[in-house]
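Remarks on the overall topology
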Amino acid sequence: MGYWNTRGLRGSTLEELINYTNESYRAKGLAVIQKVPTPIKPIQIDQKSRTITLAYFDQKSTVDYIGVVQSIPICFDAKETSKKSLPIQNIHPHQILFMEDFQKQEGVAFLLVYFIEYNQYFMLPFEILKKYWDRAQEGGRKSIPYDAFPKDLEIYSKGGAYIHYLEALNTYLVRKKYDRNKY
């Protein structure tokens, strides 16, 4: 992979762990999740090493990952923060639009968030993300506080998966089904 002069490689360790987890899920027949590459346009290439030294993003990407888990379509973006909240500025309008459209098609959209401060990973369902996004657009709080992340959707390492998010996804789906049948 080429390295370029940008902020785009932040979170690459998180993505490596997710990629390894996704390989484990596929090997076990649990899910097929693919990393969505971000299209770039190289500007400078080091001819000796054939490494991209300067590039810009050619077009807006959608989310980091898309795939299917036991016939359920999912998409998610991986975010990490060194703060005690997730800044809304880390999420882009085209990502919100894509996730919203994905959910309208009966898919499940979410963020997978790593809090460096607490050394904890969480699944944040799109519904919660959208609530904070809308409030921020209306002039409200510009971040999602740590306390807004459902503690039952914390993600742990388990069974060879560094970031075993399928358990959190299952918890979310069971809760969603229960809430739908409650009324």
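In this report, the structure presented in the accompanying data block is examined. Please read all numbers here as calculations on a predicted model, not as lab measurements. (Residues numbered from 1 in each chain as written. Predicted model: local features only at pLDDT ≥ 70, side-chain atom pairs only at ≥ 80, totals over all residues. Heavy atoms only, no water.)

Remarks on helix α1 (residues 12-27)
The end-to-end C-alpha separation of α1 is 22 Å, in line with the 22 Å expected for 16 residues at 1.5 Å each. The complete set of buried residues in α1 reads Leu14, Glu15, Ile18, Thr21, Asn22, Ser24 and Tyr25. Just downstream of α1 lies Gly29, where phi reads positive at about 75 degrees. (Helix = DSSP H or I, 4+ residues; strand = E, 2+ residues; numbered from the N terminus. Expected span 1.5 Å × (residues − 1). Buried < 20%, exposed > 50% of the residue type's maximum accessible area, 1.4 Å probe, protein only.)

Notes on the environment of Tyr25
The residue Tyr25 is located in helix α1 in this model. Taking C-alpha positions, Tyr25 is 9.0 Å from Leu166, a pair spaced 141 residues apart along the chain. Beyond its immediate stretch of four places on either side in the chain, Tyr25 contacts Leu30, Ala31, Ala161, Ile163, His164, Tyr165 and Leu166. (Contact = heavy atoms within 4.5 Å.)

Regarding the side chain of Gln103
Assignment of secondary structure puts Gln103 in helix α2 (residues 93-104). What makes Gln103 buried here is its relative accessible area of 17%. Apart from the residues within four sequence positions on either side, Gln103 is in contact with Val108, Ala109, Phe126 and Glu127.

Thoughts on α2
Helix length check: α2, at 12 residues, gives a terminal C-alpha distance of 17 Å against a target of 16 Å (1.5 Å per residue), a fit within 8%. Of the residues making up α2, those classed as buried are Gln95, Ile96, Met99, Phe102 and Gln103. For α2, the angular spread of buried residues about the axis comes to 130 degrees, placing them on one side. Exposed residues on α2 whose side chains face more than 90 degrees from its buried face are Pro93 and Lys104. (Arc of directions from axis to C-beta.)

Overview of unusual backbone geometry
Positive phi is not limited to glycine here, since Gln70 has a value of about 50 degrees. Looking at the secondary structure, you find Gln70 in the loop between β4 (65-69) and β5 (72-81). Exposure remark for Gln70: the relative accessible area of 52% places this residue in the exposed category. Phi is positive for Ser71, close to 75 degrees, though the residue is something other than glycine. Relative to the helices and strands, Ser71 is located in the loop between β4 and β5. The exposed category is assigned to Ser71, whose relative accessible area is 66%.

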